[in-house]
Amino acid sequence: QVQLVESGGGLVQAGGSLRLSCAASGRTFSSYGMGWFRQAPGKEREFVSAINWSGGITNYADSVKGRFTTSRDNAKNTVYLQMNSLKPEDTAVYYCAARNPVTYRYEYWGQGTQVTVSS
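Just so we're clear, the structure is a prediction, and the values are computed from it rather than from any experiment.

Student: So what exactly am I meant to see when it comes to the overall build of the protein chain here?
Tutor: Counting its secondary structure elements, the protein chain contains 0 helices and 11 strands. Of the regular secondary structure in the protein chain, the N- to C-terminal order runs β-β-β-β-β-β-β-β-β-β-β. Against the 2.2 N^0.38 benchmark of 14 Å for 119 residues, the protein chain shows a C-alpha radius of gyration of 14 Å, consistent with a compact globule. The dimensions of the protein chain, computed from C-alpha atoms along their principal axes, are 40 × 25 × 25 Å. For the protein chain, with 119 residues in total, the buried portion stands at 44%.

Put into structure tokens, the structure is as follows:
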């Protein structure tokens, strides 16, 4: 199977920035898209962003457009989420996930990294 490990979370003031990383191991993701999701306590997990591993095509939730940018480093099998102009409502556990190219479902998930934005 595939292991995904997120890192880069932490505490930041509103208006600040953080960069999250998601490192993949156990297999090659040449045909896999990658996504970022987040979940606050008591709330449902929500989509944040996605990137096509090979084509560099990205998609973002309306709530983060213009503030977040996802990118990749194929040589390192790593995807990133650059988060700028952070707001308190961005506070959540952030997860990366790998999309199965056959079923189109996000099949593999990391353990998450906490992002806390203070007012």
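Student: Would you explain the sheet that holds strand β8 (residues 78-83) in this entry?
Tutor: Strand pairing in a sheet takes place through backbone hydrogen bonds and is either antiparallel or parallel in direction. Pairing in this open sheet of 4 strands is antiparallel, and the strands run β1-β3-β8-β7 from one edge to the other. The open sheet terminates on both sides in strands that have one partner only, identified here as β1 (3-7) and β7 (68-73). Going across the sheet, the axis of each strand differs from the next one's by a mean of 15°, ignoring polarity. In this sheet, strand β3 (residues 18-25) lies alongside β1 in antiparallel orientation, the contact comprising 5 bridges. Within β3, the residue paired with Glu6 across the bridge is Cys22.

Student: How should I be thinking about unusual backbone geometry in this particular structure?
Tutor: Excluding glycine, a negative phi dihedral is what most residues carry, and trans is how most peptide bonds are arranged. The phi dihedral of Asn77 is positive, around 50°, even though this residue is not glycine. Asn77 sits in the buried class, given a relative accessible area of 17%. The backbone phi angle of Ser85 is positive, close to 50°, even though this residue is not glycine. Summarising the element assignment, Ser85 is placed in the loop between β8 and β9 (92-99). Using a relative accessible area of 41% as the deciding quantity, one classes Ser85 as partly exposed.

Student: Looking at this structure, how should I read the nonpolar core?
Tutor: Generally speaking, nonpolar side chains in soluble globular proteins are found buried as a group. Of all hydrophobic cores here, the largest spans 29 residues; its most connected members are Leu4, Met34, Trp36, Phe68, Leu81, Met83 and Tyr94. Elements with a minimum of two residues in this core: β3, β4 (33-39), β5 (46-52), β8, β9 and β11 (113-118).

Student: Where do I start with the packing of aromatic side chains in this structure?
Tutor: In this description, an aromatic ring pair is defined by two values, namely the gap between the centres and the angle between the planes. Evaluated as defined, the whole model comprises 4 aromatic pairs. Ring centres of Phe37 and Tyr106 lie 4.9 Å apart, and the angle between their planes is 80°; this geometry places the pair in the edge-to-face category. Within this pair, whereas Phe37 is found in strand β4, its partner Tyr106 is found in strand β10 (residues 106-109), the two being separated by 69 residues in sequence. The two residues Phe37 and Tyr106 agree in class, both being buried. For the ring pair Phe37 and Trp109, a centre distance of 4.9 Å and an interplane angle of 55° mean the geometry is tilted. Of the two residues, Phe37 sits in strand β4 while Trp109 sits in strand β10, which places them 72 residues apart along the sequence. Given the relative accessible area of 10%, Phe37 is considered buried. Pairwise contacts between aromatic rings join Phe37, Phe47, Tyr106 and Trp109 into one cluster. Directly above the aromatic system of Tyr104 lies the positively charged group of Arg99, at a separation of 4.2 Å from the ring centroid.

Rules used in this analysis
- Residues numbered from 1 in each chain as written.
- Predicted model: local features only at pLDDT ≥ 70, side-chain atom pairs only at ≥ 80, totals over all residues.
- Heavy atoms only, no water.
- Helix = DSSP H or I, 4+ residues; strand = E, 2+ residues; numbered from the N terminus.
- Rg over C-alpha atoms; globule rule 2.2 N^0.38 Å.
- Buried < 20%, exposed > 50% of the residue type's maximum accessible area, 1.4 Å probe, protein only.
- Pairing = 2+ DSSP bridges.
- Axes fitted to C-alpha atoms, helices over the stretch in contact; angles between N-to-C directions.
- Core = buried A, V, L, I, M, F, W, Y, C linked by side-chain atoms within 4.5 Å.
- Phe/Tyr/Trp six-rings, centres within 6.5 Å; stacked < 30°, edge-to-face > 60°.
- Lys NZ or Arg CZ within 6 Å of the ring centre and 35° of its normal.

Fair warning: the whole summary comes from geometry, so function is off the table for now.
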